[in-house]
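Observations on chain architecture
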Amino acid sequence: MIEGTVVKSTGSWYNVLLDAPTPGGDRELRCRVAGKFRLDDLNLTNPIAVGDRVSVEVETGSDAETGAIRAIADRRNYVVRQSPRRKHDLHLLASNVDQAILITTIIDPGVKLGFIDRFLLMTEPFGIPTIIVVNKADRYGEDEMETYQVIHDLYTDIGYTVLLVSAVSGQGIEELRHLMEGKRNLLSGQSGVGKSTLVNAVEPRLELRTGELSDYTGKGQHTTTFAELFQLSFGGELIDTPGIKTLGFNYLKPQDVAHNFREIFALSEECRFGGSCLHRNEPGCAVKESVEEGDDRVTDLRYYSYLQILEEVEGQNYWERRKV
């Protein structure tokens, strides 16, 4: 048995970077899954994620060495999302990450604050720091810069880092490298935000394939097909993931949503019902009072996003309970 780190997931096969070479001299081995693995009794479309530490049994065939993954080490954390194809299952994006970087842009495609909030709800429950990177700054006029300032103020006020960059002009690239240095970084974003182009600006030697927006739909086309881990020349690692179109939360309960909008959870201490308050119609709700009074402890933008996700989660949970 040889230990190693999963560096690429292609569905039924995984590439594992081994701590020591195989008898045949390989350091990166193509492996299949041997056995059944579960995560907190969740239904997963993939039992293993890029970033996992695994134990591999080397198998020697007629053509080349392959491996069988026999065990997975305990994860420090993981990032999971609702499967886009199987609505009642989950898909592991990555594990053992130090921080997540969400790439977004104000134009082509237009920014959606609701998507930012959904992504943060995916990382916040696992204590994963998240940086919001706004790309394509070279194309922004006065109106776009005003929108950027709203995004910057909205999220920095609640403790997130927001960075304005351009993969074309190089603006903000050096600062982004500094934030990524020495860490395992999960990069994600909606299709079309220029994620692959930005990765190439941060680490030119990777030469990731890039694409344009679809002329028909106006939406981004996937240029990253599978999650993959890359070593960074300036120190650290980057996990590139396929573009995300939508994010759902069939694995969360209403209380999880309330507890992971960080400014809402912080203010819940002042609610009459404390941490059990869902901040809708409960009497003595400090969150509702903050929104109604406009004191900016909880902004109306984040509050309405919270209500929308809460309603969606309750609807899904109710449907699933009926299914059972």
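As the structure is a computational prediction, the values presented were derived from the model and not from experiment.

Observations concerning the overall build of the chain
Scanning the chain for helices and strands turns up eight helices and 13 strands. The 324 residues of the chain split such that 50% are buried. Across the chain, contacts joining residues at least 24 apart in sequence account for 63% of those joining residues at least 6 apart.

A few points about the packing of helix α3 (residues 173–180) against helix α4 (residues 195–202)
Contact pair α3 / α4: the axes reach a minimum separation of 10 Å and the direction vectors enclose 85°. Taken as axis vectors, α3 and α4 run roughly perpendicular relative to one another. Along its contact with α3, which presents I173, L176, R177 and M180, the element α4 presents L198, A201 and V202. Looking at the contact of α3 with α4 residue by residue, the class counts come to six nonpolar, no polar and one charged.

Side note on the pairing of strand β5 (residues 65–72)
Bridge count between strand β3 (residues 28–33) and β5: three bridges; the pairing is parallel. Bridge pairing links V33 to I69 in β5. Where strand β4 (residues 53–60) lies against β5, seven bridges are found, and the strand directions are antiparallel. Each residue of the ladder has a partner; that of V54, found in β5, is I72.

Topic: the nonpolar core
Y155 and Y306 are the most contacted members of the largest nonpolar core, which has 74 residues in total. It is helix α1 (residues 113–123) that provides the largest number of residues to this core, a total of six residues. Residue contacts for Y155: discarding those within four places in its chain leaves L113, I116, D117, L120, I132, Y160, V162 and R302. V133, A167, L187 and L238 belong to the second-largest nonpolar core, a separate cluster that totals 21 residues.

A closer look at a negative patch on the surface
Where like charges cluster on the molecular surface, the negative patch consists of D153, D157, D296 and D300. Mapped onto the secondary structure, D296 falls in the loop between α7 (286–293) and α8 (300–323). Judged by relative accessible area, D296 falls into the exposed class, the value being 59%.

With respect to the environment of L121
Position of L121 relative to the elements: it lies in helix α1. Since its relative accessible area comes to 1%, L121 is described here as buried. In the structure, L121 is positioned 137 residues away from A258 in sequence and 10.0 Å away in space, judged by C-alpha atoms. If we skip the residues at most four places from it in the chain, L121 touches F249, L252, D256, V257, N260, F261 and I309.

Some points on the pairing of strand β8 (residues 99–105)
Most of β8 sits out of view: seven of its seven residues are buried. Side-chain alternation along β8 places Q99, I101, I103 and T105 on one buried face and A100, L102 and T104 on a second face that is also buried. As paired strands, β8 and strand β11 (residues 184–189) are joined by five bridges and run parallel to one another. Paired with A100 across the bridge in β11 is L186. In the sheet, β8 pairs with strand β9 (residues 130–135) via six bridges, with the strands oriented parallel. Across the sheet, the residue bridging to T104 is V134, located in β9.

What counts as what
Residues numbered from 1 in each chain as written. Predicted model: local features only at pLDDT ≥ 70, side-chain atom pairs only at ≥ 80, totals over all residues. Heavy atoms only, no water. Helix = DSSP H or I, 4+ residues; strand = E, 2+ residues; numbered from the N terminus. Buried < 20%, exposed > 50% of the residue type's maximum accessible area, 1.4 Å probe, protein only. Contact = heavy atoms within 4.5 Å. Axes fitted to C-alpha atoms, helices over the stretch in contact; angles between N-to-C directions. Parallel < 35°, antiparallel > 145°, perpendicular 65-115°, else oblique. Nonpolar A, V, L, I, M, F, W, Y, C, P; charged D, E, K, R; others polar. Pairing = 2+ DSSP bridges. Core = buried A, V, L, I, M, F, W, Y, C linked by side-chain atoms within 4.5 Å. Patch = residues over 30% accessible without salt bridge, like charges linked within 9 Å, V, L, I, M, F, W, Y side chains within 5 Å. Areas by Shrake-Rupley, 256 points an atom, 1.4 Å probe, with all protein chains shown as cover. Salt bridge = Lys/Arg side-chain N within 4 Å of Asp/Glu carboxyl O. Lys, Arg positive; Asp, Glu negative; His and termini not counted. Charge placed at Lys NZ, Arg CZ, Asp CG, Glu CD.

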